Amino acid sequence: MERPDKTRYYLDIAIAVSERSPCVRRKFGAIIVVNDAIVSTGYNGPARGVSDCELGCLKDRVKAPHYAGYDWCPAVHAEENAVVNAARNGSKVLGGVLYIVGRTPDGKLTESVPCKRCRRIIINAGISRVVTVNEQGKIIEYDPKEWIEEDSRWYLENMQSAGNSLK
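The following refers to the structure shown. In this text, all values refer to a predicted model and were calculated from it rather than measured experimentally.

### A few points about the environment of Tyr70
Of note, Tyr70 is situated in the loop between helix H2 (58-61) and strand E4 (75-76). Sequence-distant contacts of Tyr70, that is, excluding residues within four places in its chain, are made with Lys59, His77 and Cys115.

### Re the side chain of Arg26
Of note, Arg26 is situated in the loop between helix H1 (6-18) and strand E1 (27-34). Among buried Asp, Glu, Lys and Arg side chains, Arg26 stands out as unpaired, with Glu111 the closest opposite charge at 5.9 Å. A distance of 3.1 Å separates the side chain of Arg26 from the side chain of His66, its partner in a polar contact. At 3.5 Å, the side chain of Arg26 and the side chain of Thr110 are in polar contact. Residues in contact with Arg26, not counting those within four places in the same chain, are Ser21, Asn44, His66, Tyr67, Arg103, Thr110 and Glu111.

### Describing helix H4 (residues 116-125)
The complete set of buried residues in H4 reads Cys118, Arg119, Ile122 and Ala125. The arc that holds the buried residues of H4, viewed along the axis, is 130 degrees, so those residues lie on one side. Count one or two residues on from H4 and you reach Gly126, which has phi positive near 80 degrees.

Cut-offs applied
- Residues numbered from 1 in each chain as written.
- Predicted model: local features only at pLDDT ≥ 70, side-chain atom pairs only at ≥ 80, totals over all residues.
- Heavy atoms only, no water.
- Helix = DSSP H or I, 4+ residues; strand = E, 2+ residues; numbered from the N terminus.
- Contact = heavy atoms within 4.5 Å.
- Buried < 20%, exposed > 50% of the residue type's maximum accessible area, 1.4 Å probe, protein only.
- Lys, Arg positive; Asp, Glu negative; His and termini not counted.
- Salt bridge = Lys/Arg side-chain N within 4 Å of Asp/Glu carboxyl O.
- Polar contact = N/O pair within 3.5 Å; in protein donor to acceptor, adjacent residues only side chain to side chain.
- Arc of directions from axis to C-beta.

In short, the description is geometric, and any link to function would need to be established separately.
Spelled out as structure tokens, the structure:
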């Protein structure tokens, strides 16, 4: 048996974390690693004490596409939960690497791109890098610093178009 490199090792652990997700649509698992040690984990699911999705998926009922319709979903995202769980336990995430993996109900890999809300949390938490895989298992890395520029551009463009529509 071949020993996996550290990136695959951490991604495999994120896959194991995703198995705790009660989501019937897609399961995500995230871990945060600081100085080569796992300091936190998180998976997508409702807030502590809130009903799980045992009655089905509201997003499916309203036919909301992936990466949209968040108002119809009671879940806290895996990235959010990993940061929150670190805070609950007093763990430092500044400068850490967040590994995230998503899977479909049949176990296939699915895209794991953090949404705008999660990107903002990752930026504010001081996470230095995000590592995930695409549907084919190819490793993809993101630099949260690039999201700062993207989010600023998004805000300015939307402010301009909102201003033009108000005139």
